[in-house]
2 protein chains.
Amino acid sequence: MTAEIIAVGTELLLGDILNTNAQFLARELAALGISVYYQTVVGDNPARLEGVVRQARARSDLLVFTGGLGPTEDDLTKQTVARAYGDGLRLDEEELEKIRAFFARWGRTMPENNRRQAYVPVRGRKIVNNNGTAPGMIFEDADVPGHYAVLLPGPPQENQPMFLDSVRPWLQSLSRRALHSVNLRVMGIGESHLQEKVGPLLTHENPTAALYAKTAEVVIRLTAGADTDAQAQALCQAYAKRFYDILGDHIYAEGEDGLEFAVVHALAGRGKTVATAESCTGGLVSGRITAVPGSSEVFGYGLCTYANEAKERLLGVPAQMIAAHGVVSAPVAAAMARGVRRLAGADIGLGITGIAGPGGGSAQKPVGLVYLAAADEHHTWVEQLLVSRRPRQSVRNIAAQHGLELIRRTALGLPQPLAQCFGPEGPVVYRQAGTPQDV
Amino acid sequence: MTAEIIAVGTELLLGDILNTNAQFLARELAALGISVYYQTVVGDNPARLEGVVRQARARSDLLVFTGGLGPTEDDLTKQTVARAYGDGLRLDEEELEKIRAFFARWGRTMPENNRRQAYVPVRGRKIVNNNGTAPGMIFEDADVPGHYAVLLPGPPQENQPMFLDSVRPWLQSLSRRALHSVNLRVMGIGESHLQEKVGPLLTHENPTAALYAKTAEVVIRLTAGADTDAQAQALCQAYAKRFYDILGDHIYAEGEDGLEFAVVHALAGRGKTVATAESCTGGLVSGRITAVPGSSEVFGYGLCTYANEAKERLLGVPAQMIAAHGVVSAPVAAAMARGVRRLAGADIGLGITGIAGPGGGSAQKPVGLVYLAAADEHHTWVEQLLVSRRPRQSVRNIAAQHGLELIRRTALGLPQPLAQCFGPEGPVVYRQAGTPQDV
């Protein structure tokens, strides 16, 4: 099956937004074994849109459209595709009621514009939108049965769940080859280093394996094809084992969920709690932990002690320690971790202090220098991180990711390859020398 | 001038990488007043590539290609475009020398593959690549003078500087029309409501105006064309005034920076400080405030009091208040705001408590119900927000955005259309009735 992805939207043509849907859909279609030969972006000009639809229909078995279904847009995309595929549109009372109810809940009357969203294919089928008012739809070509056009809304938070929940299962039912994918999430080994370690495993035919670098982590995606789901899954599992043999506990999870999920899971599994004290990350770690449903089981206190005074008053970091070592230092990170642990009565305390930039750096303590510490009842682990030549937000995000990994390894009692160990309360003198870390 | 952007690359078709070049080039071309009607992604299949080039050449004045010039690729893109535009390719000794020198610097011999990169147009011109080995190039159509194809390398760190340094000045020299754009950032009025308010202003020819919905805010983009920069700017300014007349202080800023920048700016301008106490948003507000360089001037304390105990112990929220009203209630939000204000000795305190979901909702207090409060020395403002049928992260992000707006309006002493006002310390009894807010 060959496909093309067509995005309808002036915002894309003007460069106001990134076409993240195209990447998402391309990856998903590839994982289903569907070859995407073209991606197109076109505006909502009738003639140009019609030209694109006509051409794509003639050369591909499946067209996946995104955008052009919003309430402020006319229904050009729908009408054009319906006409090309020999179908019509009908008002769907159920959808209309859903839209009306949506507005009623806000005490408002549905604007006349939104009525258009309730039109669905006569012969084709609608796809329920659980995250917005515009339904998606599937048209089958009247002249060429087995050729389809799928219309999805543009906002990624509507588009992507709709594809995963409804379109993917439908496409799988069309094809007879079973496919299975596994994402191995790797923390603490940079992309190039990882490439060296697992390079030979990346040129395999079935399963395939590919690396995707994310913020301070790398995802390894394995995809296997077989006659049955169970066979494809078994192929993936067997191949995944070869990665586990090399990477061990650097693989923190499988799937889509980020490190914060693994952290909450690790803590909950051991019946432990964590409290955070953040300076340069300003609440990014607590924000990520609390993004996990149910995180209140393991997390009750997060302090963003941005001012020195806050570190002293709330966490008990001694003023003379800040004066002697500087606020961005290993002893202060350790004192923050120990202080918040005590304050909250938590099993583990995390402290982060650093220079996110763009200002505030010096020759001795450059922008991008961050100290992280995790304290439990027995140890204080301190990590020195240097994120060179990255903007403020990257420094903060990378530091938050390392903070989460420190919590995870402390909760699980894993070795801490990036951190030095100190006693529970004793002095912390961090050696600045050594190999810079691979973020 | 009309243009289209054509990316050549299998990685894009497989979804392995995001097409960030397309956004970059689209935005740059739009800023030059060049209309981009299509964006295409195609692989390096000869027939498909040739088809795309033929079609694009027939319908657009300018084609901008990215990718397909790397050392591991054949020179298909170059050859196909040269043929279509009636030009040839010649070996450029200077480029060849540059590539040889590049390898020599690493103690290596140039692979024979890289020789291909030294071929440049016979009639057209090459563009020097300061960040890689592959030169870019410009072909002029032999049949239609004034029509061009520009080839740029794919890696963004080569593509984008080459466009800015060489292609943009060349395009500017071709066109004489100046363009200016202004983004008006609007908070507190939802997209459809805004559409009703400013609808007639959106159908103007010059400047044009368009709405872009973001997370709990909308951006209005004005673009004017004129003979000079100053004239285009004046057109934008005059037209912007018409939006200010209707929307007033709901326009919180112009430009690219989000609401957290306006908040830090508002506080710094009045010499005020803020402290935050967050429950359901878990540090998202402190995370955004501290994303602004220099925010330490206005922000020293942020507390993520996720547990009830933390709200009681650190903020002084009475346990009996939580028992009587529930932790997600107007009185608790107000007590959090007042408590963190006192604790930090700040001018303004912000409190947020809500149910982000997916669990924890009830008929009386559904998922998506959030109370926000801002306290200064004279008033406590309490806002009730209901974010229906959105996933946990959306509820949290929308709540954080509303929290920032509460701070901004309190700092500037603006009316608070979404919030009710109470005395500085007195009881807070929030009427649940009334028009739900338009997020």
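Relevant structure appears above.
In this report, the structure presented in the accompanying data block is examined. Note that the structure is a prediction, hence the values are computed from the model and not measured.

## A look at the overall build of chain A
Consideration 1: The secondary structure content of chain A amounts to 14 helices and 18 strands.
Consideration 2: Taking all 439 residues of chain A together, 54% fall into the buried category.
Consideration 3: Counting contacts in chain A only where the partners sit at least 6 residues apart, residues at least 24 apart contribute 68% of the total.
Consideration 4: Accessible surface for chain A amounts to roughly 17700 Å². Of this, 50% is attributable to carbon and sulfur atoms.
Consideration 5: Here chain A contributes 42 positive and 45 negative side-chain charges, whose respective centroids are spaced 4 Å apart.

## Observations concerning the sheet that holds strand β10 (residues 208-214) of chain B
All names here are of chain B.
Consideration 1: Strand order in this open sheet of 4 strands is β10-β11-β9-β12, and the pairing throughout is antiparallel. For this open sheet the edge positions go to β10 and β12 (251-254), each flanked by a neighbour on one side alone. Direction aside, the axes of adjacent strands within the sheet are offset by 25 degrees on average.
Consideration 2: With 7 bridges joining them, β10 and strand β11 (residues 217-226) adopt antiparallel strand pairing. In the sheet register, Leu 211 faces β11, and the bridge partner there is Ile 220.

## What about the environment of Gly190(B)?
Residues and elements named next belong to chain B.
Consideration 1: Here Gly 190 is to be found in the loop between β9 (178-187) and α7 (191-198).
Consideration 2: Accessibility expressed as a relative area gives 5% for Gly 190, which makes it buried.
Consideration 3: Each C-alpha atom of the pair Gly 190 and Glu 217 lies 6.9 Å from the other, and the pair is 27 residues apart in sequence.

## Topic: the packing of aromatic side chains
Residue and element names in this part refer to chain A.
Consideration 1: For the coordinates displayed, the defined rule picks out 10 aromatic pairs over all chains.
Consideration 2: Relative to Phe 103, the ring of Phe 102 has its centre 5.5 Å away and its plane inclined at 85 degrees; by these criteria the two rings are edge-to-face.
Consideration 3: A residue is classified by how much of its surface remains accessible, and Phe 102, at 22% relative accessible area, is partly exposed.
Consideration 4: On the accessibility criterion, Phe 103 (5% relative accessible area) is buried.
Consideration 5: Where Tyr 148 meets Trp 170, the ring centres are 4.9 Å apart and the plane angle is 85 degrees; that geometry is what we call edge-to-face. Within this pair, whereas Tyr 148 is found in strand β8 (residues 148-152), its partner Trp 170 is found in helix α6 (residues 156-174), the two being separated by 22 residues in sequence.
Consideration 6: Positioned above the aromatic ring of Tyr 38, the side-chain terminus of Arg 59 is 3.5 Å from the ring centre.

## Quick look at helix α11 (residues 308-315) of chain B
Consideration 1: Among the residues making up α11(B), those that are buried are Ala310(B), Lys311(B), Leu314(B) and Leu315(B). What you see down the axis of α11(B) is that its buried residues fit within an arc of 100 degrees, all on one side.
Consideration 2: The secondary structure elements touched by the buried residues of α11(B) are β14 (299-305) and α13 (330-344) of chain A together with β13 (274-278), β14 (299-305) and α13 (330-344) of chain B.
Consideration 3: Positioned one or two residues after α11(B), Gly316(B) has a phi angle of 75 degrees, which is positive.

## Let's talk about the interface of chain B and chain A
Consideration 1: If you look at the interface, chain B gives 71 residues, while chain A gives 66 residues.
Consideration 2: The three residues of chain B that bury the most area against chain A are Gln39(B), Tyr301(B) and Arg389(B), which together make up 11% of that side's buried surface.
Consideration 3: Linking chain B with chain A are 1 salt bridge, by the criterion used here.
Consideration 4: Ionic pairing is found between Arg221(B) and Asp16(A), a salt bridge with its closest N-O pair at 2.8 Å.
Consideration 5: Linking chain B with chain A are 38 residue pairs in polar contact (both at pLDDT 80 or more).

Thresholds applied
Residues numbered from 1 in each chain as written. Chains lettered and ligands numbered in written order. Predicted model: local features only at pLDDT ≥ 70, side-chain atom pairs only at ≥ 80, totals over all residues. Heavy atoms only, no water. Helix = DSSP H or I, 4+ residues; strand = E, 2+ residues; numbered from the N terminus. Buried < 20%, exposed > 50% of the residue type's maximum accessible area, 1.4 Å probe, protein only. Contact = heavy atoms within 4.5 Å. Areas by Shrake-Rupley, 256 points an atom, 1.4 Å probe, with all protein chains shown as cover. Lys, Arg positive; Asp, Glu negative; His and termini not counted. Charge placed at Lys NZ, Arg CZ, Asp CG, Glu CD. Pairing = 2+ DSSP bridges. Axes fitted to C-alpha atoms, helices over the stretch in contact; angles between N-to-C directions. Phe/Tyr/Trp six-rings, centres within 6.5 Å; stacked < 30°, edge-to-face > 60°. Lys NZ or Arg CZ within 6 Å of the ring centre and 35° of its normal. Arc of directions from axis to C-beta. Buried area = accessible area lost by both parts, 1.4 Å probe. Salt bridge = Lys/Arg side-chain N within 4 Å of Asp/Glu carboxyl O. Polar contact = N/O pair within 3.5 Å; in protein donor to acceptor, adjacent residues only side chain to side chain.

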